[in-house]
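Single-letter residue listing:
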Amino acid sequence: MKAIVIDTPNKIEIKDIPMPEVKENEALLKVKCVGICGADVASYTGNQPFTTYPRIPGHEFSAEIVTIPENDKGLKVGDIVTCNPYFNCGECYSCERGFVNCCTDNQTMGVQRDGAFCEYIAMPVERIFPGMGLSAEELALIEPFSISQHAVSRATIKESDTVLVVGAGPIGLFALIAAKQKCKKIVVADILDNRLALAKEYGADAVVNTKKQSLEEFTKEFTEGRGFDVCIEACGAPETFLNCIECAAFAANIILIGNGKRETNFVHSIILKKELNIHGSRNALNADFINNINLVSDKKADVMKMVSGIYDMENATDAFEALKNNDGTLAKILIKIG
């Protein structure tokens, strides 16, 4: 079969590799469509500390079932499905307590182990989710949606809450969609007008371009001086984390999704003074995948608005280069396999 392989940073090849070995309680899947995650771009550019080379990237995908053992999930040959790509050890303290999403020996497809940018993969049946009639493209977007869904679930969000999402990239926009299921008043902040326009399409009640307007002043006016009940940080920058602390109400919740790469320096007494609840978030749980498949199936979330381009497998380098040089105008890029 053919696979997209990152041989070394900034070098992609389409290679012929052996078909996967299908073990007990596993299904053979023919990959249909794969999304390029920020982690995949980091692997491509050599900025992903957990990636070793050569590596087949990809963990946002849909596939068709080729073979599958008898199961109680109703899965059968020919079904179009998606999967949970985070492999946990089942033995560490996190796994013992049920926190399998933050297993201390987590192996995410495309990072610590080979991923889905190939024609066929073998997956444990327990990790496969019925596609509920969604398209291959829609199902390839369920995993990043689930990252945000899980993050939003980390704090109790009440219908009366006012929520701030900082960052209107795909993860921030998915967080907006997820939070919209829980409350009605959501503000999105970013520095790019085109991303903020998409946030409005997805139901943001207000948007603020922080290059043009002070987020602190906007917060005082919008919340009548109270601050936001929930702040969701979806950039991973020190500045945006500090924005969330500044704009949070007393006793508010801050949820961190953005994966930071720089140190943040601040006097932590502000967290004590405000008695802030700060929640980290990692990966997602099976329940998040199932929830989001149902949301998209019920037409409560149009994830395809997020797609900026779809490439063929042969043009994988072009797709990765586009995101490597993304000036912020691109959201999700998908690659069709086969």
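The structure this text deals with has already been given above.
In short, a report on the structure. (Residues numbered from 1 in each chain as written. Predicted model: local features only at pLDDT ≥ 70, side-chain atom pairs only at ≥ 80, totals over all residues. Heavy atoms only, no water.)

### Some thoughts on the overall build of the protein chain
Link 1 in the chain: Scanning the protein chain from terminus to terminus reveals 11 helices and 17 strands.
Link 2 in the chain: Whereas a compact globule of 338 residues would reach a radius of gyration of roughly 20 Å, the protein chain reaches 20 Å, a difference of no more than 12%.
Link 3 in the chain: Dimensions of the protein chain, computed from C-alpha atoms along their principal axes, come out at roughly 60 × 40 × 40 Å.
Link 4 in the chain: A total of 338 residues make up the protein chain; the buried ones form 52% of that total.
Link 5 in the chain: Residue pairs at least 24 apart in sequence account for 68% of intrachain contacts in the protein chain once pairs closer than 6 positions are excluded.
Link 6 in the chain: Separation of charge centres in the protein chain, based on 35 positive and 45 negative side chains, amounts to 3 Å. (Helix = DSSP H or I, 4+ residues; strand = E, 2+ residues; numbered from the N terminus. Rg over C-alpha atoms; globule rule 2.2 N^0.38 Å. Buried < 20%, exposed > 50% of the residue type's maximum accessible area, 1.4 Å probe, protein only. Contact = heavy atoms within 4.5 Å. Lys, Arg positive; Asp, Glu negative; His and termini not counted. Charge placed at Lys NZ, Arg CZ, Asp CG, Glu CD.)

### Here's the deal with the pattern of salt bridges
Link 1 in the chain: Under the definition given, this model contains 16 salt bridges.
Link 2 in the chain: For Asp 114, the salt bridge goes to Arg 55, with nearest N and O atoms at 2.8 Å. Here Asp 114 is found in the loop between strand E7 (107-108) and strand E8 (120-124), whereas its partner Arg 55 is found in the loop between helix H1 (38-45) and strand E4 (60-67), with 59 residues between them in sequence.
Link 3 in the chain: For Arg 55, a relative accessible area of 9% puts it in the buried group.
Link 4 in the chain: Connected through shared salt-bridge partners, Glu 216, Glu 217 and Lys 220 make up one network. (Salt bridge = Lys/Arg side-chain N within 4 Å of Asp/Glu carboxyl O.)

### Some words on the packing of aromatic side chains
Link 1 in the chain: In the structure shown here, the tally under the stated rule is eight aromatic pairs.
Link 2 in the chain: Aromatic side chains Tyr 44 and Phe 320 sit 5.4 Å apart centroid to centroid with 55° between the ring planes, which places their arrangement in the tilted category. Of the two residues, Tyr 44 is situated in helix H1 and Phe 320 in helix H11 (residues 316-324); the sequence distance between them amounts to 276 residues.
Link 3 in the chain: Relative to Phe 266, the ring of Phe 241 has its centre 5.7 Å away and its plane inclined at 85°; by these criteria the two rings are edge-to-face. One end of the pair, Phe 241, is in helix H8 (residues 238-247); the other, Phe 266, is in the loop between strand E14 (248-256) and helix H9 (269-274), and 25 residues separate them in sequence.
Link 4 in the chain: Residue classification places Phe 266 among the partly exposed positions, given a relative accessible area of 31%.
Link 5 in the chain: An aromatic cluster of at least three residues, connected via ring pairs, comprises Tyr 44, Phe 117 and Phe 320.
Link 6 in the chain: Over the ring of Tyr 93 we find Arg 97, and its NZ or CZ is 3.8 Å from the ring centre.
Link 7 in the chain: Stacked on the ring of Tyr 202, the Lys or Arg Lys 305 has its end atom at 5.3 Å from the ring centre. (Phe/Tyr/Trp six-rings, centres within 6.5 Å; stacked < 30°, edge-to-face > 60°. Lys NZ or Arg CZ within 6 Å of the ring centre and 35° of its normal.)

### So, helix H6 (residues 193-201)
For an α-helix the count is 3.6 residues per turn, leaving residues at separations of three or four pointing the same way.
Link 1 in the chain: Buried within H6 we find Arg 195, Leu 196, Leu 198 and Ala 199. Considered in projection along H6, the buried side chains sweep an arc of 155° and stay on one side of the axis.
Link 2 in the chain: The inward-facing, buried residues of H6 abut helix H5 (170-180), strand E11 (185-190) and strand E12 (206-209).
Link 3 in the chain: With its phi angle positive at about 105°, Gly 203 sits one or two positions after the end of H6. (Arc of directions from axis to C-beta.)

### Some details on the environment of Val 66
Link 1 in the chain: Structurally, Val 66 can be placed in strand E4.
Link 2 in the chain: Relative accessible area serves as the criterion here: at 32%, Val 66 is assigned to the partly exposed category.
Link 3 in the chain: Along the backbone, Val 66 and Ile 4 are 62 residues apart, and their C-alpha atoms lie at a distance of 21 Å.
Link 4 in the chain: Filtering out sequence-adjacent residues up to four positions away, Val 66 remains in contact with Leu 28, Leu 29, Lys 30, Val 77 and Tyr 120.

### Some words on the layout of surface pockets
In this approach, a probe sized like a water molecule rolls over the atoms, and the result shows the empty space that is left.
Link 1 in the chain: Its boundaries defined by the atoms lining it, the second largest pocket holds a volume of some 410 Å³.
Link 2 in the chain: Considering the residues around the second largest pocket, the lining is formed by 20 residues, among which Pro 20, Arg 113, Asp 114, Ile 121 and Ala 122 are closest to the centre.
Link 3 in the chain: Top contributing element to the lining of the second largest pocket by residue count: E8, with five residues.
Link 4 in the chain: Of the residues assigned to the lining of the second largest pocket, the class counts are 14 nonpolar, one polar and five charged. (1 Å grid on protein atoms, 1.4 Å probe; cavity = no way out; pocket = protein on both sides within 12 Å on 5 of 7 lines; lining within 4 Å. Points joined across faces, edges and corners; volume = space filled by probe spheres on them. Nonpolar A, V, L, I, M, F, W, Y, C, P; charged D, E, K, R; others polar.)

### Quick notes on the pairing of E11
Link 1 in the chain: The element E11 is extensively covered by neighbouring structure, given that five of its six residues are classed as buried.
Link 2 in the chain: Pairing between strand E10 (residues 162-166) and E11: five bridges, direction parallel. Pairing of Val 166 across the sheet is with Ala 189, part of E11.
Link 3 in the chain: Crossover connection from E10 via H5 to parallel E11: handedness right-handed.
Link 4 in the chain: Both E11 and E12 contribute to a ladder of four bridges, which runs parallel. When the sheet's bridge partners are listed, Ala 189 is paired in E12 with Val 208.
Link 5 in the chain: Note on the crossover from E11 through H6 to E12: the handedness is right-handed. (Pairing = 2+ DSSP bridges. Right-handed = clockwise from strand over helix to strand, strands pointing away.)

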